[in-house]
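# Secondary and tertiary structure notes
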Amino acid sequence: AVVSTQSTGKNVGIDSCRFQIKCPRNRDGLSILLHTDTNFVAAGMSVKFDVCLTAGDVTDIGHVAHDVTIITEMEIFKLPVRATILPTQEYDERSRSGTLKKLPVNIKIIDVNSMGTTPTTGGMVSRKVIA
């Protein structure tokens, strides 16, 4: 399964700037889907991107902690990505018993096969995968 949340970066400065988003080297299943074809943000504008975490094999069970780095011309930001991946059986048991908390509104489970073409808010968007 792939769990995804949408993030927004806004240029609050008075000048346009370029940015770069980097995943950590040991990213194991972490990817960024950028909603634009350019790494340029005009002053006062924002850019949206999805942070996706893929839980694959049984070896992926446990706590996951990564920091995505956003590099601008003037600053470097760290975006923490934290998750707990449960075994399928435990997830199913918690779902049936009602002890599994609902996902927050901004978190969604998406199909692995649709990662490049998932509609966001009312339509298809051009996306660039950063891995």
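Quick note: structure is the one above.
Cut-offs applied
Residues numbered from 1 in each chain as written. Predicted model: local features only at pLDDT ≥ 70, side-chain atom pairs only at ≥ 80, totals over all residues. Heavy atoms only, no water. Helix = DSSP H or I, 4+ residues; strand = E, 2+ residues; numbered from the N terminus. Buried < 20%, exposed > 50% of the residue type's maximum accessible area, 1.4 Å probe, protein only. Contact = heavy atoms within 4.5 Å. Areas by Shrake-Rupley, 256 points an atom, 1.4 Å probe, with all protein chains shown as cover. Core = buried A, V, L, I, M, F, W, Y, C linked by side-chain atoms within 4.5 Å. Polar contact = N/O pair within 3.5 Å; in protein donor to acceptor, adjacent residues only side chain to side chain. Pairing = 2+ DSSP bridges.

What follows concerns the overall build of the chain. Summing up its helical and strand segments, the chain has one helix and nine strands in all. Going residue by residue from the N terminus, the α and β elements of the chain occur as β-β-β-β-β-β-β-α-β-β. Within the chain, the fraction of its 131 residues that count as buried is 27%. Counting only contacts in the chain whose residues sit at least 6 apart along the sequence, the fraction spanning at least 24 positions is 62%. Surface accessibility of the chain: about 8800 Å² in total, with carbon and sulfur atoms responsible for 54%.

On to the nonpolar core, then. Grouped together as the largest cluster of nonpolar side chains are 16 residues, with contacts concentrated most on Ile21, Leu30, Ile32 and Phe49. Residue assignment for this core shows that the elements contributing at least two residues are strand E2 (17-22), strand E3 (30-34), strand E5 (46-54), strand E6 (62-72) and strand E7 (76-85). Per-element tally for this core: the top contributor is E5, with four residues. Contact partners of Phe49, with chain neighbours within four places excluded, come to Thr5, Gln6, Ser7, Gly9, Ile21, Ile32, Leu33, Leu34, His35, Ile70 and Leu79.

Right, let's talk about the side chain of Asp50 for a bit. Its location among the elements puts Asp50 in strand E5. A distance of 3.3 Å separates a polar atom in the side chain of Asp50 from a polar atom in the side chain of His35.

Note: strands within a sheet are paired through backbone hydrogen bonds, in either parallel or antiparallel orientation. Reading across from one edge, E4-E2-E6-E7 is the order of the four strands in this open sheet, with antiparallel pairing throughout. In this open sheet, the two strands that pair with only one neighbour each are strand E4 (40-41) and E7. As judged from the two bridges shared by E2 and E4, these two strands associate in the antiparallel manner. When the bridges of E4 are listed, Arg18 appears paired with Phe40.

Here the focus is the pairing of E6. Successive residues of a regular strand alternate their side chains across the two faces of the sheet. Of the pairings in the sheet, the one linking E2 to E6 comprises four bridges and is antiparallel in character. Its bridge partner lying in E6, Ile21 is registered against Ile70. Bridge count between E6 and E7: 10 bridges; the pairing is antiparallel. What sits directly across from Ala65, in E7, is Arg82. Here E6 folds back onto E7, and the loop between the two strands holds three residues.

Below, the discussion takes up the side chain of His35. Mapped onto the elements of the fold, His35 is located in the loop between E3 and E4. For His35, a relative accessible area of 17% gives the class buried.

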